[in-house]
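# Summary of the model geometry
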Amino acid sequence: MRCKNVHIIYFSPTHCSAKIAHAIAEGLGDVSFFESDITYEMPDREELIEEELCVVAVPVYGGRVPEVAAQRLARFKGNHAPVIPVVIYGNRDYEDALRELCDLLSGQGFTPFAAGAFIGEHSFSRPDLPIAEGRPDKADHNCAVAFGRKALEKLHLAADIEVLTPPQVKGNFPYKPLMPAQPQAPITALDLCTQCEHCIAICPVKAISVVDGEIYSDPQLCIKCCACVKECPEGARSFDTPFAAILHKNFNKRREPELFF
């Protein structure tokens with residue numbers, strides 16, 4: 001079977017998921033292309049997707065699909081539209097996230113037929129404690145492009161959507177329990193901050209605001225994506241957590257993408 005359009009959907013605070021989604025779309029060939037970036041806003045209406053080949057990419061938080069990403073993805077319904085679910089994790093493990101994403105999309109009417117787990121720089125990575133620093137890199141990009149090509153071959157070989165076989169992905173059900181939230185958020189070095197408010201603009205959950213003339217992050221809202229830390233033009237944002245040292249020590253060996261058809 002063939003689809004006229006490719007539609008990528010991603011939640012990508014630090015742009016890793018977006019990079020992989022675009023690379024997979026590159027491998028899907030020269031077709032009409034649409035994208036839905038759900039990083040910063042809940043879609044304002046429900047969208048029914050028909051006759052489009054979809055790529056859905058999200059990061060992994062604690063071995064699961066981020067709750068905010070799942071909530072925003074719920075606005076998309078598929079009328080048996082073929083979909084490639086993809087998760088991006090920070091070199092530790094993706095645990096049940098890919099299984100969860102496949103199940104979520106199936107429940108919304110999509111038909112998963114290929115899936116992948118790719119590596120992106122961990123949210124807690126920093127120059128002195130790198131964790132998958134610079135990922136996805138060129139090798140990851142090339143792997144994602146090749147993955148897109150192979151997925152397209154599988155789609156073309158199928159006579160229709162009903163004969164597409166689902167990918168046998170890793171993961172368990174029931175899923176790994178969500179850990180209780182530990183409210184914490186990046187802080188601002190007031191001597192470096194120019195109050196350009198770029199951090200406010202890029203926060204995916206609107207956790208940052210100006211309070212009493214200073215940039216403030218609400219720990220109750222923050223999802224610890226650290227986009228504000230990585231993108232602050234003045235280097236004025238930081239997030240101090242002991243997990244960074246633990247991850248750097250125990251998960252510094254390069255891991256490679258895992259692909260399922």
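In this report, the structure presented in the accompanying data block is examined. (Residues numbered from 1 in each chain as written. Predicted model: local features only at pLDDT ≥ 70, side-chain atom pairs only at ≥ 80, totals over all residues. Heavy atoms only, no water.)

Tallying secondary structure elements over the chain gives 7 helices and 13 strands in all. Against the globule reference of 18 Å for 261 residues, the chain gives a C-alpha radius of gyration of 19 Å, in line with a compact fold. If one aligns the C-alpha atoms of the chain with their principal axes, the spans along those axes are about 65 × 40 × 35 Å. Contacts in the chain between residues far apart in sequence, at least 24 positions, make up 82% of those at least 6 positions apart. One finds the centroid of the 26 positive side-chain charges in the chain at a distance of 6 Å from the centroid of its 35 negative side-chain charges. (Helix = DSSP H or I, 4+ residues; strand = E, 2+ residues; numbered from the N terminus. Rg over C-alpha atoms; globule rule 2.2 N^0.38 Å. Contact = heavy atoms within 4.5 Å. Lys, Arg positive; Asp, Glu negative; His and termini not counted. Charge placed at Lys NZ, Arg CZ, Asp CG, Glu CD.)

Examined against the element boundaries, S17 turns out to sit in helix α1 (residues 16-27). Residue classification places S17 among the buried positions, given a relative accessible area of 2%. Leaving out residues up to four positions away in the same chain, S17 has contacts with F11, S12, A57, V58, P59 and I88. (Buried < 20%, exposed > 50% of the residue type's maximum accessible area, 1.4 Å probe, protein only.)

At a minimum axis separation of 6 Å, α1 and helix α4 (residues 138-157) run at an interaxial angle of 45 degrees. Comparing their axes, α4 and α1 come out oblique. At the point where α1 passes α4, the crossing takes the right-handed sense. Residues I20, A23, I24, E26 and G27 of α1 form the contact with α4, whose own contacting residues are D140, H141, A144, V145, F147, G148, R149 and L152. Among the residues making up the contact of α1 with α4, the classes are represented as 7 nonpolar, 3 polar and 3 charged. (Axes fitted to C-alpha atoms, helices over the stretch in contact; angles between N-to-C directions. Parallel < 35°, antiparallel > 145°, perpendicular 65-115°, else oblique. Left-handed = near helix turned anticlockwise from the far one by under 90°. Nonpolar A, V, L, I, M, F, W, Y, C, P; charged D, E, K, R; others polar.)

Applying the stated criterion across every chain, the model contains 5 aromatic pairs. Aromatic side chains Y89 and Y94 sit 5.4 Å apart centroid to centroid with 55 degrees between the ring planes, which places their arrangement in the tilted category. This pair shows no difference in class: Y89 is buried, exactly as Y94 is. Following the ring pairs from residue to residue traces out a cluster consisting of F118, F147 and F261. (Phe/Tyr/Trp six-rings, centres within 6.5 Å; stacked < 30°, edge-to-face > 60°.)

Residues in a regular strand project their side chains so that they alternate between the two faces of the sheet. When strand β1 (residues 5-10) meets strand β2 (residues 32-37), the two strands line up parallel, connected through 6 bridges. Directly across from N5, in β2, lies its bridge partner S32. Once you follow β1 into α1 and on to β2, the crossover reads as right-handed. (Pairing = 2+ DSSP bridges. Right-handed = clockwise from strand over helix to strand, strands pointing away.)

We now examine the environment of K249. For K249, the position within the fold is in helix α7 (residues 243-250). Residue K249 is classed as exposed on the basis of its relative accessible area, which comes to 64%. K249 sits 180 residues away from A69 along the chain, and the two C-alpha atoms are 29 Å apart.

Formed by 31 residues in total, the largest nonpolar core has its most connected members in V58, L73, V87, Y94, L101 and F110. Taken together, the elements giving at least two residues each to this core come down to β4 (52-59), α2 (67-73), β6 (82-89), α3 (97-107) and β8 (115-119). Among the elements that take part in this core, α3 stands out by supplying 6 residues, more than any other. If we ignore the near neighbours within four places in the chain, the residues touching L73 are I9, I38, V56, V58, L101, L104 and Q108. The next biggest cluster of nonpolar side chains, apart from the first, holds 30 residues, and it includes I8, Y10, I84 and L164. (Core = buried A, V, L, I, M, F, W, Y, C linked by side-chain atoms within 4.5 Å.)

Along the chain, I24 turns up in helix α1. The class for I24 is buried, based on a relative accessible area of 0%. The sequence separation of I24 and N142 amounts to 118 residues, and the corresponding C-alpha distance is 9.0 Å. Residues contacting I24, with those up to four places away along its chain left out, are V55, I84, V86, F118, A144, F147 and G148.

A side chain with one charge may pair with a side chain of the opposite charge, provided their charged atoms come close. Evaluation of the coordinates by the stated rule reveals 15 salt bridges. Notably, a salt bridge pairs D137 with R254, separated by 2.9 Å at the nearest N-O pair. Taken together, the residues span a long stretch of sequence, with D137 in the loop between β8 and α4 and R254 in the loop between α7 and β13 (258-260) at a distance of 117 residues. Salt-bridge contacts for R255 lead to E258; the nearest nitrogen and oxygen are separated by 3.8 Å. We classify R255 as partly exposed; its relative accessible area is 27%. A relative accessible area of 17% places E258 in the buried class. (Salt bridge = Lys/Arg side-chain N within 4 Å of Asp/Glu carboxyl O.)

Turning our attention to α4. Taking 1.5 Å of rise per residue, 20 residues should cover 28 Å, and α4 covers 29 Å from first to last C-alpha, within 8% of that figure. Of all the positions in α4, only D140, A144, V145, F147, G148, A151, L152, K154 and L155 are classed as buried. Packing partners of the buried residues in α4 comprise α1, β4, β6, β8 and β13. Between the side-chain oxygen at the start of α4 and the backbone nitrogen of A139 there is a gap of 3.2 Å, and the oxygen is on D137. (Expected span 1.5 Å × (residues − 1). Polar contact = N/O pair within 3.5 Å; in protein donor to acceptor, adjacent residues only side chain to side chain.)

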